[in-house]
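This is what each chain is made of:
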Amino acid sequence: MDRARRALGRKSSDAAEYEPLTGDPDAESPTLEHPDDAQHVPAYADLDDDLDAGAEPDEPPFSWLEYAIFAFLGVAMLWAWNMFLAAAPYFASRFARDPWIEAKFQSAILTVSTLVNLGTLVVLTNMQQAASYPFRINLALAINIVVFALLTCSTSLVLGASPPAYFAFLLLMVALASWATGLIQNGAFAFAASFGRPEYMQAVMAGQGISGVLPSVAQVITVLVFPPSDDPSPKAESSPARRGQTSAFVYFLTAVVISVSALVALIPLFKRYHRILESRVPEGMTASVTSIQDAERATRKTTSMLELFKKLRWLALGVALTFAVTMFFPVFTAKIVSVNPDAGLLFRPSAFIPLAFLLWNLGDLAGRFATAMPFSLKDRPLVLFLLSALRIGQLPLYFLCNIGGRGATVSSDFFYLVVVQLLFGLTNGWLGSSFMIAAGDWVEPGEREATGGFMGLFLVIGLTVGSMLSFTLSDI
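Note that this is a predicted model, so its numbers are computed, not measured.

**Some details on the overall build of the chain**
Link 1 in the chain: In terms of regular secondary structure, the chain is built from 17 helices and zero strands.
Link 2 in the chain: Taken over 476 residues, the chain has a buried fraction of 50%.
Link 3 in the chain: Across the chain, the fraction of contacts at a sequence separation of at least 24, relative to all contacts at a separation of at least 6, is 82%.
Link 4 in the chain: Accessible surface computed for the chain: about 21000 Å², of which carbon and sulfur atoms make up 66%.

What follows is the structure in structure tokens.
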């Protein structure tokens, strides 16, 4: 076994299974001190290598079925939030009688969701030893089912409720959904990390990308199939309202279906997780392990956030910076219009803006899938962090486009949709996924669950900071 490890460039079994990031000259690993002399090798290699060297008992083989389930879990994780965004026109129609609420409800939704989500993740990240990540995932999905069932009913019932009453109801639903989002983000990332397969973390990230693409496709198709009417008659004015009510019903009902489907799909994955835990219980502790909770505690190492940050600082800061920068793109995308508005229905703002969101999401999805390619920088966290910092340079490209119809420095829709939107989404997907996937290589196996939740926390910190900073450009 030792000869096999040496052949693969691994340390002997009594050495730490992660590479320190401190650059301590007394550290055993030369990875960061002498990057030209030694290449970091992850704690897990390809399955073929593991079979040759003697696979570790806590490293289950890769399964495409499990990959698909994790991807679907990623879809369910963000589907609820995407449905809130898609239903914004419906909410505006419910608040039309109160101009103040109509103008402020989107900011209120954003503030409540980010604060509740971040607070939930901070609390959950500090609750490691007794944590049951499958329970957190199931609880989140159950909350989403209740929340979106109530929202579905609200599209047909109590339509005469006053704007303040419906506003209070909506913010309560947002708070509950954000609590569920925090639960499922913490649970899903930790759960995926516990399998010891980086492909499963990539699957969760890819699923999140899919959940962004599908609503954008639906919005573009809806506008093309049911183009906005220019008829100012009362009958024509009521038609968009009815369509908005119907669309909201479909959005909310779809979120219920996705959550229920995820609950069912995860059953075989939870069973596999239980078997993996049982195989990892130390021999001397098997007699005292009488439940899955005991097995989780026996195989889990409690690590403080400070200790995790010391090992993962470039990865954690990098994922936060990546998503903080990303949160500026919705501000630009909602205000940039085509330079050829008379070229057809697709180039009118009602279709062009959803099209721009679609191109960004397609780039994001492609970037997330690109992390499955052989090329990777996960053994170079500092390089990844520097790339995320350089990505700030993509933001000025938006100022070259047709913001608010005031004219574009580069008068080209192709430039905006492909060079700006598609590539900005691509860098977000690739960098964000790379940071999340790499984290498991830099900690001990018993710390992987905590690492998944820790990285999820910094991802949300980046989203929160970026959301707040994006308000500085709200008047462009």
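Read on for the rest.
**Observations regarding the pattern of salt bridges**
Here the idea is simple: oppositely charged side chains can pair when their charged atoms come close.
Link 1 in the chain: One pass over the structure, following the stated rule, counts five salt bridges.
Link 2 in the chain: One salt bridge in this structure joins Glu-447 and Lys-311, with 2.9 Å as the shortest N-O distance. In this pair, Glu-447 sits in the loop between α16 (413-438) and α17 (448-470) while Lys-311 sits in helix α12 (residues 305-326), placing the two residues 136 residues apart along the sequence. With respect to burial, Glu-447 and Lys-311 carry one shared label: buried.

**Side note on helix α5 (residues 99-125)**
Link 1 in the chain: A rise of 1.5 Å per residue sets the reference length of α5, with its 27 residues, at 39 Å; its end C-alpha atoms lie 40 Å apart and thus fit the reference within 8%.
Link 2 in the chain: Of all the bends in α5, the greatest, near 45°, is centred on Phe-105.
Link 3 in the chain: Within the span of α5, buried status applies to Ile-101, Phe-105, Ala-108, Ile-109, Ser-113, Thr-114, Asn-117, Thr-120, Leu-121, Leu-124 and Thr-125.
Link 4 in the chain: Looking at the buried side of α5, the elements it contacts are α3 (64-86), α4 (88-94), α6 (133-154), α7 (163-194), α12 and α17.

Rules behind the numbers
- Residues numbered from 1 in each chain as written.
- Predicted model: local features only at pLDDT ≥ 70, side-chain atom pairs only at ≥ 80, totals over all residues.
- Heavy atoms only, no water.
- Helix = DSSP H or I, 4+ residues; strand = E, 2+ residues; numbered from the N terminus.
- Buried < 20%, exposed > 50% of the residue type's maximum accessible area, 1.4 Å probe, protein only.
- Contact = heavy atoms within 4.5 Å.
- Areas by Shrake-Rupley, 256 points an atom, 1.4 Å probe, with all protein chains shown as cover.
- Salt bridge = Lys/Arg side-chain N within 4 Å of Asp/Glu carboxyl O.
- Expected span 1.5 Å × (residues − 1).
- Bend = angle between axes of the 7 residues up to and from the residue.

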